[in-house]
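Architecture at a glance
What follows is each chain in one-letter form.
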Amino acid sequence: MDIRKNITGVQHIGIPTNDVEKTIEFYVGLGFEIALFTLNEAANEKVAFLRLGNLMIETYENKAAAMKNGAIDHIALDVKEIDKVFQEVRSAGYRMLDHAVQSLPFWDHGVKFFTIVGPNEEKIEFCEKLS
């Protein structure tokens, strides 16, 4: 399988925050709209997806934001057939943060995702919105 066939682009950029309301206010002031506001019950974090055109930011209140330059947590790639992508990435020997595909009840039908670590310690999330 050619992994490029199942990656359709950037899905979102993940930015942790200590104050989700303040972060929402900032990005809404720049023209973003709230696409989804929810609670990640497993992590007890408020989560907001903010959209401006084709750019989506996921901000989540984890009370552990670095609050310094370079504090973006992850970039998420939009994928289809997440289970196949997971097998291919794992077989290729990438450094996995998740040793199985994870899920969250975000959006209408949930999401499935997994995360790897890049050469600069950046996190790359592979994420499929379920339909």
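To keep things clear, this report deals only with the structure shown in the data block. For clarity, every value in this text was computed on a predicted model and none was experimentally measured.

Criteria and cut-off values
- Along each chain, numbering runs from 1 in the same order as the chain's sequence is written.
- Per-residue local features of the predicted model are confined to residues with pLDDT of at least 70, and side-chain atom pairs are confined, for both listing and counting, to 80 or more; whole-chain, interface and lining totals are unaffected and use all residues.
- Excluding hydrogens and water, the side-chain values take into account all heavy atoms of the structure.
- Every helix listed is a DSSP run of H or I at least four residues long, and every strand listed is a run of E at least two residues long, numbered separately from the N terminus.
- We compute the radius of gyration over the C-alpha atoms and compare it with the globule rule, which gives 2.2 Å times the number of residues raised to the power 0.38.
- Buried, partly exposed and exposed residues are distinguished by accessible area as a fraction of the type maximum, computed with a 1.4 Å probe on protein chains only: under 20%, between the cut-offs, and over 50%, respectively.
- The contact criterion used is simple: two residues touch if any of their non-hydrogen atoms lie within 4.5 Å.
- Areas reported here follow the Shrake-Rupley algorithm with a probe of radius 1.4 Å; residue values treat only the protein chains shown as occluding.
- What the arc describes is the spread of directions from the helix axis to the C-beta atoms.
- The aromatic pairing rule takes the rings of Phe, Tyr and Trp, using the six-membered ring of Trp, and pairs them if the centres are within 6.5 Å, calling planes under 30 degrees apart stacked, those over 60 edge-to-face and the rest tilted.

This paragraph deals with the overall build of the protein chain. For the protein chain, the count of helices and strands is two helices and nine strands. For the protein chain, the sequential pattern of α-helices and β-strands runs β-α-β-β-β-β-α-β-β-β-β. The globule rule puts the C-alpha radius of gyration for 131 residues at 14 Å, and the 15 Å found for the protein chain is close to it. Considered along the principal axes of its C-alpha atoms, the protein chain spans approximately 45 × 30 × 30 Å. Classification of the 131 residues of the protein chain by burial places 39% in the buried group. At a minimum sequence separation of 6, the contacts of the protein chain that also span at least 24 residues come to 52%. Entry remark: accessible area of the protein chain is about 7,900 Å², with carbon and sulfur atoms responsible for 52%.

Turning to unusual backbone geometry, a few remarks are in order. For Lys 63, which is not a glycine, the phi torsion comes out positive at approximately 60 degrees. Here Lys 63 is to be found in the loop between β4 (55-61) and β5 (74-79). Backbone geometry places Met 67, a non-glycine residue, at a positive phi of 55 degrees. Following the sequence through the fold, Met 67 ends up in the loop between β4 and β5.

This part is about helix α1 (residues 20-29). Since the α-helix advances by 3.6 residues per turn, residues separated by three or four positions end up pointing in the same direction. Residues Val 20, Thr 23, Ile 24 and Tyr 27 constitute the buried set of α1. For α1, the arc enclosing every buried residue in end-on projection is 100 degrees, short of the 170-degree limit, so these residues lie on one face. Residues of α1 that are exposed and angled more than 90 degrees away from the buried face: Lys 22, Glu 25, Phe 26 and Gly 29. For α1, the secondary structure elements touched by its buried residues are β1 (7-17), β2 (33-40), β3 (45-52) and β4.

This brings us to the packing of aromatic side chains. Under the definition given, this model contains six aromatic pairs. Relative to Tyr 27, the ring of Phe 26 lies with its centre 5.0 Å away and its plane at 85 degrees, an arrangement referred to as edge-to-face. Its relative accessible area of 52% is what places Phe 26 among the exposed residues. Of the residues examined, Tyr 27 reaches a relative accessible area of 17% and is grouped as buried. Each ring, one from Phe 49 and one from Phe 106, has its centre 5.8 Å from the other, and the planes form 75 degrees; the classification is edge-to-face. Of this pair, Phe 49 sits in strand β3 while Phe 106 is found in the loop between β7 (102-104) and β8 (111-117), placing the two residues 57 residues apart along the sequence. Here Phe 49 and Phe 106 have matching classes, each one buried.

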